[in-house]
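Descriptive structure summary
Given next are the chains, with one letter for each unit.
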Amino acid sequence: LWLDCDAVVSNITFHMDELTNSVSSDKQMIVIWGHDFFNLGVMLLRSSDWSEWLMQKMLERRDWIEWMVGKWRDQKSFRMLLNEYPDIVNKVFVVDPPTLQAYPRWWVPGTFIYHQVGCKSGRGWGSSMGTGLSCKDQFIQVAAGGAP
């Protein structure tokens, strides 16, 4: 299980089997579709040679990723891999939010992982959700077991 630093487990009673048992064994990666591409901020990888290969290929691009400006550098790196190895997509299983994770607008009680993507302190999701909380306070509230 991979979590970006802007994600937190919000349901500690969630059983991974609820998710993984419904996925065929040829799928090696579980993600959601976010915006216009796979969201890698929360991903579940099977322990397999293929997953190890994928992580190695991603790490081989780390210098390029660190140099790159802008957001979603991991997604951009993954796009490069898909261009080079188009069969990767056959190993990816996409679930709907909030099955694996949810951005604030999709989060409901019981969601496994809260992913506060794109939230910057003083702007973003806090004001758009009408909570009046800063991103930091929202994140802490969910981490403590409350709603965003």
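Rules used in this analysis
Residues numbered from 1 in each chain as written. Predicted model: local features only at pLDDT ≥ 70, side-chain atom pairs only at ≥ 80, totals over all residues. Heavy atoms only, no water. Pairing = 2+ DSSP bridges. Helix = DSSP H or I, 4+ residues; strand = E, 2+ residues; numbered from the N terminus. Contact = heavy atoms within 4.5 Å. Axes fitted to C-alpha atoms, helices over the stretch in contact; angles between N-to-C directions. pLDDT = per-residue confidence, 0-100. Salt bridge = Lys/Arg side-chain N within 4 Å of Asp/Glu carboxyl O. Buried < 20%, exposed > 50% of the residue type's maximum accessible area, 1.4 Å probe, protein only. Phe/Tyr/Trp six-rings, centres within 6.5 Å; stacked < 30°, edge-to-face > 60°.

Let us now look at the sheet that holds strand β7 (residues 113–115). Here we have three strands laid out as an open sheet, ordered β2-β7-β6, and mixed in their pairing. On the outer flanks of this sheet lie β2 (7–9) and β6 (101–102), each paired with one strand and no other. Direction of pairing for β6 relative to β7: parallel, over a ladder of two bridges. The partner of alanine 102 across the bridge, within β7, is tyrosine 114.

Before going further, it helps to examine the environment of aspartate 6. Within the fold, aspartate 6 resides in the loop between β1 (2–3) and β2. With 108 residues separating them in the primary sequence, aspartate 6 and tyrosine 114 have C-alpha atoms 8.5 Å apart. Once residues within four sequence positions are removed from consideration, aspartate 6 is found in contact with Tyr114, His115, Gln116, Val117, Gly118 and Phe139.

What follows deals with the sheet that holds β1. Strand order in the open sheet formed by four strands is β1-β4-β3-β5, and the pairing between neighbours is mixed. Edge positions in the sheet fall to β1 and β5 (92–95), since each of these pairs with one other strand and no more. Bridge count for strand β3 (residues 29–34) against strand β4 (residues 37–45) is five bridges, and the pairing is antiparallel. Paired with isoleucine 30 across the two strands is leucine 44, which belongs to β4. The sheet strands contacting helix α2 (residues 49–60) are β3 and β4, and the helix crosses β4 at an angle near 130°.

Quick look at the confidence of the model for the protein now. The share of residues in the protein with pLDDT of 70 or more is 83%, and the mean pLDDT across the chain is 83. For the protein, per-element mean pLDDT is lowest for helix α5 (residues 125–128), which scores 44, and highest for β5, which scores 96. Low pLDDT (under 50) marks residues 121–128, which in the prediction has 14 contacts with non-local residues, meaning those over four places away or in another chain.

Next up on the list: unusual backbone geometry. Of the consecutive residues proline 97 and proline 98, the connecting peptide bond is found in the cis state with omega at 5°. Turning to its location among the elements, proline 98 is positioned in the loop between β5 and β6.

Moving on to the pattern of salt bridges. Within the structure shown, the criterion is met by two salt bridges. For lysine 57, the salt bridge goes to glutamate 60, with nearest N and O atoms at 3.6 Å. Taken together, the residues lysine 57 and glutamate 60, both in helix α2 and three residues apart, mark about one turn of the helix. A relative accessible area of 47% means that glutamate 60 is categorised as partly exposed.

Applying the stated criterion across every chain yields a total of 10 aromatic pairs. Ring geometry for tryptophan 33 against phenylalanine 37: centres 6.2 Å apart, planes inclined by 55°, an arrangement best described as tilted. Their ring planes at 20° and their centres at 4.9 Å tell us that tyrosine 103 and tryptophan 106 sit as a pair that is stacked. Its relative accessible area of 0% is what places tyrosine 103 among the buried residues. Using a relative accessible area of 29% as the deciding quantity, one classes tryptophan 106 as partly exposed. Joined through ring pairs, the aromatic side chains of Trp33, Phe37, Phe38 and Phe78 make up one cluster.

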